[in-house]
Amino acid sequence: MNFLRGVMGGQSAGPQHTEAETIQKLCDRVASSTLLDDRRNAVRALKSLSKKYRLEVGIQAMEHLIHVLQTDRSDSEIIGYALDTLFNIISNDEEEEVEENSTRQSEDLGSQFTEIFIKQQENVTLLLSLLEDFDFHVRWPGVKLLTSLLKHLGPQVQQIILVSPMGVSRLMDLLADSREVIRNDGVLLLQALTRSNGAIQKIVAFENAFERLLDIITEEGNSDGGIVVEDCLILLQNLLKNNNSNQNFFKEGSYIQRMKPWFEVGDENSGWSAQKVTNLHLMLQTINTVSEVIRGCQVNQDYFASVNAPSNPPRPAIVVLLMSMVNERQPFVLRCAVLYCFQCFLYKNQKGQGEIVSTLLPSTIDATGNSVSAGQLLCGGLFSTDSLSNWCAAVALAHALQENATQKEQLLRVQLATSIGNPPVSLLQQCTNILSQGDKIDRRGSKIQTRVGLLMLLCTWLSNCPIAVTHFLHNSANVPFLTGQIAENLGEEEQLVQGLCALLLGISIYFNDNSLENYMKEKLKQLIEKRIGKENFIEKLGFISKHELYSRASQKPQPNFPSPEYMIFDHEFTKLVKELEGVITKAIYKSSEEDKKEEEEKKTLEQHDSIVTHYKNVIREQDLQLEELKQQISTLKCQNEQLQTAVTQQVSQIQQHKDQYNLLKVQLGKDNQHQGSHGDGAQMNGIQPEEIGRLREEIENLKSNQELLRSQLAEKDSLIEKLKSSQTSPDTNEATASARDSEQIAELKQELATLKSQLNSKSVEITKLQTEKQELLQKTEAFAQSVPVSGESEAAIAAKTTDVEGRLSALLQETKELKNEIKALSEERTSIKEQLDSSNSTIVILQNEKNQLEVNIKDSKKEQDDLLVLLADQDQKILSLKDKLKELGHPEEEEDELESIDQDDEDDEDEDDDKSQGDN
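Cut-off values and rules
Residues numbered from 1 in each chain as written. Predicted model: local features only at pLDDT ≥ 70, side-chain atom pairs only at ≥ 80, totals over all residues. Heavy atoms only, no water. Helix = DSSP H or I, 4+ residues; strand = E, 2+ residues; numbered from the N terminus. Buried < 20%, exposed > 50% of the residue type's maximum accessible area, 1.4 Å probe, protein only. Contact = heavy atoms within 4.5 Å. Areas by Shrake-Rupley, 256 points an atom, 1.4 Å probe, with all protein chains shown as cover. Axes fitted to C-alpha atoms, helices over the stretch in contact; angles between N-to-C directions. Parallel < 35°, antiparallel > 145°, perpendicular 65-115°, else oblique. Nonpolar A, V, L, I, M, F, W, Y, C, P; charged D, E, K, R; others polar. Salt bridge = Lys/Arg side-chain N within 4 Å of Asp/Glu carboxyl O. Core = buried A, V, L, I, M, F, W, Y, C linked by side-chain atoms within 4.5 Å. Phe/Tyr/Trp six-rings, centres within 6.5 Å; stacked < 30°, edge-to-face > 60°. pLDDT = per-residue confidence, 0-100. Polar contact = N/O pair within 3.5 Å; in protein donor to acceptor, adjacent residues only side chain to side chain. Disulfide = S-S within 2.5 Å. Patch = residues over 30% accessible without salt bridge, like charges linked within 9 Å, V, L, I, M, F, W, Y side chains within 5 Å. Expected span 1.5 Å × (residues − 1).

1. Focus: the overall build of the protein chain
- A count of helices and strands for the protein chain gives 38 helices and four strands.
- Taken over 920 residues, the protein chain has a buried fraction of 39%.
- Of the contacts made within the protein chain by residues no fewer than 6 positions apart, 70% connect residues no fewer than 24 positions apart.
- Approximately 52,000 Å² of the protein chain is accessible, and the part contributed by carbon and sulfur atoms is 51%.

2. Describing the side chain of histidine 399
- Within the secondary structure, histidine 399 is located in helix H22 (residues 387-401).
- Beyond its immediate stretch of four places on either side in the chain, histidine 399 contacts Gln343, Leu346, Gln353, Asp570 and Glu572.

3. Side note on the packing of helix H19 (residues 332-346) against H22
- In contact at an axis separation of 9 Å, H19 and H22 are set at 10 degrees when each is read in the N-to-C sense. As the angle between them shows, H19 and H22 are arranged roughly parallel. Between H19 and H22, the contacting residues are Phe332, Arg335, Leu339, Phe342, Gln343 and Leu346 on the first element and Leu388, Ser389, Trp391, Cys392, Val395, Ala396, His399 and Ala400 on the second.
- Taken together, the residues of the contact of H19 with H22 sort by class into 10 nonpolar, three polar and one charged.

4. Re the pattern of salt bridges
- Using the criterion set out here, one finds 16 salt bridges in the structure.
- Note that arginine 40 is salt-bridged to aspartate 75, the shortest N-O span being 3.3 Å. With a gap of 35 residues between them, arginine 40 in helix H3 (residues 36-50) and aspartate 75 in the loop between helix H4 (54-71) and helix H5 (76-90) connect regions that are remote in the sequence. Comparing arginine 40 with aspartate 75, the two get one shared label, buried.

5. Structural notes on the nonpolar core
- Ranked by internal contacts, the top residues of the largest apolar core, which has 98 residues, are Leu427, Trp461 and Leu503.
- In terms of nonpolar packing, the next biggest core, distinct from the first, is built from 78 residues, Cys27, Ala45, Ile161 and Leu190 among them.

6. Considering the packing of aromatic side chains
- Within the structure shown, the criterion is met by seven aromatic pairs.
- For the pair phenylalanine 210 and phenylalanine 249, a centre-to-centre distance of 5.9 Å together with 35 degrees between the ring planes defines the contact as tilted. Separated by 39 residues along the polypeptide, phenylalanine 210 in helix H13 (residues 209-219) and phenylalanine 249 in helix H15 (residues 244-252) bring together distant segments of the chain.
- Overall, the relative accessible area of 22% leaves phenylalanine 249 in the partly exposed class.

7. What to know about the confidence of the model for the protein chain
- Summing up the model confidence of the protein chain, the mean pLDDT is 77 and the portion of residues at 70 or higher is 70%.
- Overall, residues 1-16 carries pLDDT values under 50, and its contacts beyond four positions in sequence, including any with other chains, amount to 16 contacts.
- Taken as a whole, residues 786-793 scores under 50 in pLDDT and shows three contacts with residues more than four places along the chain or in a different chain.

8. A look at the environment of aspartate 133
- Along the polypeptide, aspartate 133 turns up in the loop between helix H7 (121-130) and helix H8 (136-152).
- Taking relative accessible area as the criterion, aspartate 133 reaches 29% and is therefore assigned partly exposed.
- As a C-alpha pair, aspartate 133 and arginine 73 span 60 residues in sequence and 9.7 Å in three-dimensional space.
- When neighbours within four sequence positions are excluded, aspartate 133 is seen to be in contact with Val138 and Arg139.
- From its side chain, aspartate 133 meets the backbone nitrogen of aspartate 135 in a polar contact 2.9 Å long.

9. Considerations on the state of the cysteines
- Scanning the model with the defined rule gives zero disulfides in all.
- Of the cysteine sulfurs around cysteine 336, a residue in no disulfide, the closest is that of cysteine 392, at 6.5 Å.
- Relative accessible area serves as the criterion here: at 7%, cysteine 336 is assigned to the buried category.
- Classification of cysteine 392 by relative accessible area gives buried; the value is 1%.

10. Quick look at unusual backbone geometry
- Phi is positive for serine 196, close to 60 degrees, though the residue is something other than glycine.
- Here serine 196 is to be found in the loop between helix H11 (180-194) and helix H12 (198-206).
- A positive phi is found at glutamate 403, a non-glycine position, where the angle reads about 55 degrees.
- With a relative accessible area of 68%, glutamate 403 lands in the exposed category.

11. Thoughts on a nonpolar patch on the surface
- Among the surface-exposed residues, Ile611, Tyr615 and Ile619 lie close enough to one another that they form a single nonpolar patch of about 290 Å² accessible area.
- With respect to the helices, strands and loops of the structure, isoleucine 619 is situated in helix H34 (residues 592-673).
- Since its relative accessible area comes to 33%, isoleucine 619 is described here as partly exposed.

12. Examining H8
- The terminal C-alpha atoms of H8, which comprises 17 residues, lie 25 Å apart, in line with the 24 Å expected from a rise of 1.5 Å per residue.
- Taken across its 17 residues, H8 has 12 buried, putting it largely inside the fold.
- Listed in full, the buried residues belonging to H8 are Val138, Arg139, Pro141, Gly142, Val143, Leu145, Leu146, Thr147, Ser148, Leu149, Leu150 and His152.
- The residue sitting at the N-terminus of H8 and contributing the capping side-chain oxygen is aspartate 135; that oxygen lies 2.8 Å from the backbone nitrogen of histidine 137.

13. Details of the environment of alanine 317
- Take alanine 317: it is sitting in helix H18 (residues 317-325).
- The exposure class of alanine 317 is buried, given its relative accessible area of 12%.

14. A look at the environment of isoleucine 294
- Along the chain, the position of isoleucine 294 falls in helix H16 (residues 274-294).
- The exposure class assigned to isoleucine 294 is buried, which follows from its relative accessible area of 3%.
- Once the C-alpha coordinates of isoleucine 294 and asparagine 248 are considered, the two residues, 46 residues apart in sequence, prove to be 9.9 Å apart.
- Those residues within four positions of isoleucine 294 in sequence are excluded, and the remaining contacts are Asn300, Gln301, Phe304, Cys341, Cys344 and Phe345.

Below, the structure written as structure tokens:
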């Protein structure tokens with residue numbers, strides 16, 4: 001303290017101590033003092049001088065202050081003073097900066113000091129580590145300093161924080177701080193951190209930012225909260241705007257449901273504060289985030305259509321939103337946000353368009369009146385006495401018809417009951433009736449907003465829909481009304497209505513199918529030329545695109561208007577005007593002959609389209625047939641595998657029967673040897689009658705299985721022939737596919753033929769064995785019936801048995817030889833494979849040697865080229881020397897002598913070298 005008083009006292013005592021000298025002494029004290037108290041007092045003095053003498057302190061003290069942050073971290077007081085001093089140097093105190101020039105200089109100074117500070121990225125990392133300190137005197141100035149750095153050089157500081165380990169996570173801890181001032185400044189810090197950086201936005205979102213921010217908003221009182229709620233909402237917008245990943249995370253995390261209390265504003269008439277209006281405005285823009293999530297995304301649009309609002313009774317969210325849109329008591333910003341959400345739901349969503357239009361059709365309207373539908377709300381808004389509701393409902397209904405000819409035709413079926421006792425009128429007719437009444441109906445809001453909305457709806461409805469044009473022209477009052485509106489000379493405010501009427505009449509001409517005799521294309525053009533004039537009509541048509549609000553609406557889809565009177569054009573409608581303005585102009589100036597020629601071209605194109613459609617259908621049918629054929633082939637393959645399995649089973653059964661036959665043969669031989677000792681009639685030579693019967697049954701089963709297999713093969717043959725006959729087609733693509741299928745069928749047939757031959761050979765073998773078995777059984781029975789057994793019959797049986805055994809032995813020997821041969825071939829194959837592997841390794845080695853030789857040759861060639869270049873340089877030098885000698889007057893003989901001398905010198909050098917080598 002004494003040191004500080006001395007410095008400050010000396011500063012005021014006389015002019016010898018300038019501010020720069022004082023700051024220099026303080027910096028020297030910070031750098032050289034060994035006592036912590038002295039350094040702390042010096043830093044505190046620098047803090048007091050840093051606001052008034054920002055430049056001087058920044059230039060001389062910044063390096064020392066950063067050193068303090070690095071070395072004196074154990075003392076929170078000196079760290080706090082250092083952070084405050086750096087903040088005063090870098091930040092711009094706008095309250096003190098009054099003049100514009102001084103403000104600009106201050107901003108430049110702050111950016112320069114920020115650049116110096118972050119030049120060493122370790123300084124930012126050090127600052128992030130200091131924020132982990134819970135001490136208020138360290139954390140709060142650290143948050144303010146980092147926020148100031150981000151304001152000056154945001155992208156550079158963002159990149160440093162992004163690559164710092166746990167950098168973002170440390171900053172997220174600020175939202176959980178129990179001290180409100182740190183928490184609130186932490187929100188401001190995260191605002192600057194997340195601005196225009198998608199990577200940091202994702203990290204912050206996945207660090208549970210949505211949950212913490214919504215908790216803060218709830219704690220602060222939702223829309224009734226103060227500036228803190230506004231800051232949280234701005235941070236939410238930073239995280240969600242143009243960030244699909246965070247938008248999906250926000251939707252899937254069920255955070256949208258937590259927004260419901262934001263809009264429970266009550267019915268008090270005390271008026272809203274400016275802060276509450278600001279908060280609600282920001283809250284409504286999150287609704288716009290939902291709109292961006294579902295725009296053009298079929299999955300999200302379907303999910304949005306299925307969501308019910310938490311009301312009693314539960315209603316679809318679309319219905320609840322439309323209630324707000326057509327309710328004139330709701331805030332204007334909310335109505336704009338709901339309209340955009342509804343437009344995004346219908347954008348490129350034909351399914352959703354059909355669902356909206358279906359709520360207007362007679363078959364789907366709830367007769368009990370217990371529930372209200374989206375279509376009823378749109379009709380109610382379309383015909384209310386609030387011009388803004390008329391415009392919003394007309395635009396919303398136009399989006400339900402956008403690029404959807406089916407729904408345009410369906411909407412022609414809608415009938416409205418205008419009053420009791422009168423017949424219903426169509427929705428199209430009611431729109432034209434209200435349009436023709438003009439300003440006769442007393443409405444709240446803009447004078448032309450209702451008519452502009454209805455005209456945009458009618459233009460969208462009739463474009464690219466000749467049936468709707470016919471319905472419109474069928475009312476005889478519509479064309480005279482339009483021509484009368486266009487022909488009048490009205491003020492600037494009515495010129496837009498005139499232009500839209502001209503557009504609607506032009507659409508009625510361009511998309512006219514000439515089905516009404518009184519309103520054919522040519523007659524309507526003659527009517528324009530007679531009552532309006534073609535040039536005047538085109539001029540009125542141009543009023544639309546020349547309107548000041550047209551270009552504003554054409555820039556982006558979101559209806560962002562400062563006040564209701566600016567809601568004139570819809571974004572999608574501006575695209576329709578741009579598309580139709582030129583073609584309508586050409587159609588008005590076309591002659592009848594050109595129209596006829598165009599009609600003929602259209603018919604030709606329609607015929608061409610019908611031919612193309614026909615061939616598309618033929619190709620589609622052929623594709624279906626090919627799929628069926630492929631399925632049949634797959635089925636045949638499965639059946640083929642089943643047949644192969646059955647054949648394998650049959651082979652196994654045959655082998656079993658062979659074994660049984662051999663067993664019977666052995667038993668028969670034994671019985672023949674002991675015939676004299678067996679005379680019982682119940683047993684014949686060791687063969688039981690039950691066993692003989694069982695064998696006969698098995699033989700019959702084999703026969704039946706054989707017949708079954710043959711019938712299955714016959715069925716497959718017929719099916720293959722049928723498939724082959726169905727392959728013929730005029731189409732080239734089908735012929736190619738059929739050829740492939742024919743090849744597959746041929747292969748399958750070949751496999752079946754092989755199976756057939758195998759089965760036939762097995763069947764022959766079975767038959768042969770059965771015959772031998774039957775003969776053996778018959779002889780056995782005959783032998784059993786005869787009382788005296790002759791030696792000749794026994795000899796014959798023994799001979800027969802010996803013959804069969806010989807044949808079986810030969811078969812077994814042949815099988816054994818085949819197995820040996822297979823084994824030998826396998827060993828030979830293994831040997832050949834080993835030789836091949838050895839050859840491959842030798843080839844690899846030779847290839848490597850070849851590559852090495854090529855490299856060596858390439859290097860030698862390069863060295864040779866270098867030597868040639870060197871020799872060429874030497875020759876060039878010799879020639880230049882000769883030229884100089886000639887210039888100096890030396891004769892050529894002298895040159896030769898010089899050359900011979902040089903040669904002699906070289907020879908002498910060679911001799912000396914040889915001698916030296918000999919001595920060695």
